[in-house]
Each structure stands twice: as C-alpha cells, then as structure tokens.
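# Observations on the three-dimensional arrangement
What follows is the residue order along each chain.
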Amino acid sequence: MQMNRRNFLIGGAASAVALGSTSLAQSAMRPLPLIPMTDLTGGIESRIALALAPSIHDFGNGAASETFGINNSYLGPVLRVKQGQTLPFDVTNSIGDVSTLHWHGLHIPGDVDGGPHQEIEHGQTWSPDVPIVQRASMNWFHSHTHGKTSQQTYKGLAGVMLIEDDASLSADLPKTYGVDDFTLILQDKAFDAAGKMTYALTGEVFQDGFMGDTLCVNGTIAPVAQNVPVGLVRFRILNACNARFLTLSMATGPVTVIASDGGFLPSAVQADSIFMSPGERYEILVDMKAVETNSLMVSFGEDEGDGEGLFGFFGGLLGGGGESAMTALTMTRTADKGFDAAMPNRLANLAPPRPEEAVVTRSFSLNMETGGDLVALAANWGNFCGDGAMAINGQPMNMDRIDEKVRKGDTEIWRINVDEQRHPFHIHGCSFRILSQEGGTPPAYAQGWKDMVHVQDGWSDVLVRFDHDAPAEAPYMYHCHILEHEDCGMMGQFTVG
C-alpha cells in the first residue's frame, strides 16, 4: 500500500485532536526507575549472560503488559565496560521467534556485530567475543532481526552499553550511578483502554513509523521524579523510539551537552534545545547548585522550529502555536553534598574533520516511494512492509546482495538524501563526522563523533573510515533508523576488507 503523505496528515487530524486532549495528559510523578547496572570495568570473571525472554511489565499504570526483556521484565541492563576489554557474551533467545542482538555504535568486526546475519533461533545461544577498542561513549544494543526489528525492539529488546576509558574514569565529571549519574531511555508508547502496551502495524505506521502517544522514561510512564544532591548531575540519554524525533530542553536554563553518539565533545555546548532522532544518544550536565528543582522537557515530533512535525502541523488544533513540551523528569535538590565542580571547559582533543582525506565518495538515496514491481520482490527478500516497499538507491534490502564494497582503512565521504520526510541514517561498525546535515551545518552539539545523521532537505554528508573486517557472510548494514522503514527494505549492506 502506497500512502500519500498529505492524505495521511488530513486523515490523522481527528486522532491528533483526541491525542492532545487525552493521551498527552500527564499524571502524578512516579519515581525514576534505575535500570540495573552490570559494572564490568573492574574485570570480567566469567561469560556475560544475556537472556532474551518474554515477560510481564507494569509501566506504572497498574496494568500487566506483555513484553520482552533482557535479564529484566522490560529492556536490558546498563553494561558498564572499559576500553581494551573483550566481552564474552552468551546471548540466549527464548522469545519464541528468531532474534538477533546488534551492538549499536561499537567499532567491531562484522561477524560479531549482531546484525541480521547473526540470527539466534529460539532456544539457541549466540556466543560472540566482542572487543572494545573505541573511546568512552554511550552505545546501545537492540534486536536487528530482518523484517522484525521494529516489533521486537518496541516490545523491549534494547539495553545500554557505557564504554569508559582511562580519560573518562579520571575526568572531573559525575560518575556515581543512581546518585549523580543517570541513564535515561526515552520512548513513546501506546496503551489500550485497559492500560496495556499495544503495537499495531497499519498503512500509516509503515509510512511514518510507529508513533505512540505516551512518553516513557526507563520503562515507566512520564513524568518521573528523582532527588539529587547539590552539584552537577549527569544524564546519559538515549532516544529508543521506533520512529519519533524528540526535542529536549530544560525548564530552567539551557541544555549543556558534553557528549554525542561517539564520545565527548571538545568542550561543553549550551543550547536552548537538542533534537534527537531515534537511535541517537547525548550526555548532558545539569547544575543543581543554581536551582532547587529543574525538569527535563520533551516535545514529540519533528518540529525543530520548522512546523513540519505532526504536533507542529496541528499546533493550532491542539490549542497552541506548536508542540507542547511534556515533563519527562523532575529533579529536586536535597541537602546532600554532591559533585561540587564547575561546568567543564575542555573535554576531548578533537581535530576538525578533513574531507580532503577521502578517497571515495558514495551516494545513497532513501526511497519512500517505489514502483509496484518491487513490492513482490521486497516481500520475497524478507522485508515486511504490508502492501508496499521502501528502498535505498532503488533497491529494497536483500540479504543475499552486497550493495557496496569498502576497502579497509580508507576514508570516504557518504552522501545521503531522501525523496520524502525526515529520516535518521545509521552506519554500522564506525563513528563518523558530519560535514553537512540536511544541506547545512550541523548544530554544535552534533559536530563530534556520531553514528547517526538526520536526512531531509538537501544532502547530508559524513566523513567515515572503516577499520574492521566485514566479510560477505557477515556484512555491515546502513539503513534508516525508523525501524519500520528498516523492516520495509530501507536498508543496504556492505563489506569491508
């Protein structure tokens, strides 16, 4: 089914009004759930067991939702590891269907990347030894099963991996987990009249990706609350939505960003807001010496001041001039003394990108609209898109086709554009520098190491180098990180060697 974007927006008007009057109403604040942490920085004594299993989870409304979890009832643990380690995982799949576990953001060989070629059948265990070679950064892991990524990730197969190195461990930054250092997983969810989490694939969902109407933080319906000590407080934030772009701001003061997907920025960046695509990560600092309370605010959609997002489009109908910011997390200062330091001036030595070093330039066009002759082919190749198909460079994803061949160690420029909508683009096995985003200069907070770039109007150009092998039997992926689009066929694969 090919859906016209304009018709979708017109058809969605009534539901958007209902959404504004009911679903986005926020209840009394719940305590911020702390995701269980496994701290491996002191050493690894045995293989690391990760169990993918069905479960029941309460999102804070008293209802029992059917979910997946990784060692938990919903979501996975926070794994804290150190550069130079090799992580011996035993990933056991008990969800009743084939699955995978992709290490998003890690610079690792293709045969342990956890993409769709490393399938784990139900009842089986995958045992990769994953080397950690990169700088300190916030990464994550999630299902990457061909044609089923969106459903399995939405249901709970996602967790966080925090990489530390000698510099980050000695840095003058908060690092006491659950006291002044918090991991936040932001998601949008839908719930039925009984309060149970729902997920349905319709023509609209295939077209735009799944859009829930309720904000959740660490698996609990927002708003949530947390007491924090006097001093700097650190938040490591992941947008784990299937398709929603999120705009983050603070109720008081600017957002102070210290790190992006691939690690620390050269220095702290202050912004009125930060705009996060699905799959992106940012780390921020909040100064709780200056205020007694402060709140992290989240707006749904793709507004970013351009009025193109769903809530921006219907802002007038919803009773406002644009998106309504929701309270995600409220921090209240206690009398306890915390991390007493000033905002950092210098964080990392990060040289400007050097595009002249590129020896190859590759172009990728993300295709929302494909001819009817590709629909049957896409379905035969394992893509899941209802009656439609999506593609990159005119080709839906085919597990048996290598789309690009990269020479190991080469620096390249990858150029990405799209025929419709805004998309997040992700490349496996690397971090890159953004040269241009949507035809312009990326915001200062996105000028460090990244593995996600936004694509809409104009070209988005990234400077990238691949330093690990990815053979034909275990290639890397590049794809839109709207998970339903990925499942629809907006994905390709490449070798490095």
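Quick caveat: nothing in here was measured; it's all calculated off a predicted structure.

## Section: the overall build of the chain
Along the chain, the regular secondary structure elements total 8 helices and 34 strands. Within the chain, buried positions represent 59% of all 497 residues. When contacts within the chain are restricted to residue pairs at least 6 apart in sequence, those whose partners lie at least 24 apart make up 79%. Within the structure as shown, the chain displays about 17,700 Å² of accessible surface, and the carbon and sulfur contribution to it stands at 49%.

## So, the pairing of strand β20 (residues 263-271)
Regular strands show a simple pattern: their side chains alternate between the two faces of the sheet. Here strand β19 (residues 255-260) runs beside β20; their pairing, made up of 5 bridges, is antiparallel. Following the sheet pairing, T256 is matched in β20 by Q270. Where β19 folds back on β20, the antiparallel hairpin that results is connected by 2 residues.

## Examining the confidence of the model for the chain
Confidence in the prediction for the chain averages 90 pLDDT; 90% of positions are at 70 or higher. Contacts for the low-pLDDT stretch residues 1-26, under 50 throughout, to residues beyond four places or in other chains number 43 contacts. Ignoring residues within four places in sequence, the model shows residues 303-322, a span with pLDDT below 50, making 34 contacts including any to other chains.

## A look at helix α7 (residues 373-380)
The complete set of buried residues in α7 reads L374, V375 and A378. Along α7, the residues classed as buried sweep out an arc of 110 degrees about the axis, all on the same side. Opposite the buried face of α7, by more than 90 degrees, sit the exposed residues D373 and N380.

## Digging into the packing of aromatic side chains
Counted by the stated rule, this structure contains 22 aromatic pairs. With 5.3 Å between their ring centres and 90 degrees between their planes, Y282 and Y445 make a pair best called edge-to-face. Separated by 163 residues along the polypeptide, Y282 in strand β22 (residues 281-287) and Y445 in the loop between β30 (432-436) and β31 (452-455) bring together distant segments of the chain. Each of the two residues, Y282 as well as Y445, counts as buried. Taking the centre distance of 4.6 Å and the plane angle of 35 degrees together, the rings of F364 and W414 count as tilted. Of this pair, F364 sits in strand β25 (residues 360-367) while W414 sits in strand β28 (residues 411-418), and the two are 50 residues apart along the sequence. Each member of the pair, F364 together with W414, is buried. Lying across the ring of Y154, K189 places its NZ or CZ 3.7 Å from the centre. Lying over the aromatic face of W459, R415 brings its terminal NZ or CZ to 4.4 Å of the ring centre.

## Digging into the pattern of salt bridges
Applying the stated criterion across every chain yields a total of 25 salt bridges. We note a salt bridge from K289 to D287, for which the minimum N-O separation is 3.2 Å. Of the residues examined, K289 reaches a relative accessible area of 33% and is grouped as partly exposed. According to the relative accessible area criterion, D287 is partly exposed, its value standing at 27%. The salt bridge partner of R407 is D410, with a shortest N-O separation of 3.0 Å. Overlapping salt bridges, with partners in common, bring together D39, R80, E164, D181 and R236 in one network.

## Describing the environment of T176
Tracing the backbone through its elements, the reader meets T176 in the loop between α4 (166-170) and β12 (181-191). Residue classification places T176 among the partly exposed residues on the basis of a relative accessible area of 42%.

## A look at the state of the cysteines
According to the stated counting rule, one finds 1 disulfide in the structure shown. What pairs with C385 in a disulfide is C488, and their sulfur atoms sit 2.2 Å apart. Of note, the bridge from C385 to C488 carries an S-S torsion of about 85 degrees and is right-handed in sense. Placement of C385 in the loop between α7 and β26 (391-392) and of C488 in helix α8 (residues 483-488) is noted, with a sequence separation of 103 residues between them.

## Here we look at the sheet that holds β26
Judged by pairing direction, the sheet is mixed, and its 5 strands sit side by side in the order β26-β25-β28-β32-β30 without closing on themselves. Taken across any chain shown, the strands that pair with only one partner, and hence form the sheet edges, are β26 and β30.

## Considering unusual backbone geometry
The linkage connecting A222 with the following residue, P223, adopts the cis geometry, with an omega of 5 degrees. Mapped onto the secondary structure, P223 falls in the loop between β15 (220-221) and β16 (224-230). For E438, which is not glycine, the phi torsion reads 55 degrees and is therefore positive. Within the secondary structure layout, E438 lies in the loop between β30 and β31.

## Notes on the nonpolar core
Counting residues in hydrophobic clusters, the biggest one holds 39 residues, and the most contacted among them are F235, I237, L248, I274, I284, L296 and Y445. Discounting residues that sit within four places of it in the chain, I237 has contacts with M138, L184, L186, L248, M276, E280, R281, Y282, I284 and L296. V462, V464, F466 and Y476 belong to the second largest nonpolar core, which has 31 residues in total.

## Quick notes on the pairing of β25
Here β25 pairs with β28 via 7 bridges, running parallel. Paired with F364 across the strands is I416, a residue of β28.

## Observations regarding the side chain of E283
Examined against the element boundaries, E283 turns out to sit in strand β22. Looking at E283, its side chain comes within polar contact range of the side chain of R234, at 2.9 Å. The residues touching E283, leaving out its near neighbours within four places in the chain, are M138, R234, F235, R236, T256, V257, I258, A259 and F264.

## Some remarks on the sheet that holds strand β21 (residues 274-276)
Spatially, the 6 strands line up as an open sheet ordered β1-β16-β24-β23-β18-β21, and their pairing is mixed. Edge positions in the sheet fall to β1 (30-31) and β21, since each has one partner strand and no second. Here strand β18 (residues 246-250) runs beside strand β23 (residues 293-300); their pairing, made up of 5 bridges, is antiparallel. The residue bridging S249 from the neighbouring strand is M297, located in β23.

Calculation notes
Residues numbered from 1 in each chain as written. Predicted model: local features only at pLDDT ≥ 70, side-chain atom pairs only at ≥ 80, totals over all residues. Heavy atoms only, no water. Helix = DSSP H or I, 4+ residues; strand = E, 2+ residues; numbered from the N terminus. Buried < 20%, exposed > 50% of the residue type's maximum accessible area, 1.4 Å probe, protein only. Contact = heavy atoms within 4.5 Å. Areas by Shrake-Rupley, 256 points an atom, 1.4 Å probe, with all protein chains shown as cover. Pairing = 2+ DSSP bridges. pLDDT = per-residue confidence, 0-100. Arc of directions from axis to C-beta. Phe/Tyr/Trp six-rings, centres within 6.5 Å; stacked < 30°, edge-to-face > 60°. Lys NZ or Arg CZ within 6 Å of the ring centre and 35° of its normal. Salt bridge = Lys/Arg side-chain N within 4 Å of Asp/Glu carboxyl O. Disulfide = S-S within 2.5 Å. Core = buried A, V, L, I, M, F, W, Y, C linked by side-chain atoms within 4.5 Å. Polar contact = N/O pair within 3.5 Å; in protein donor to acceptor, adjacent residues only side chain to side chain.

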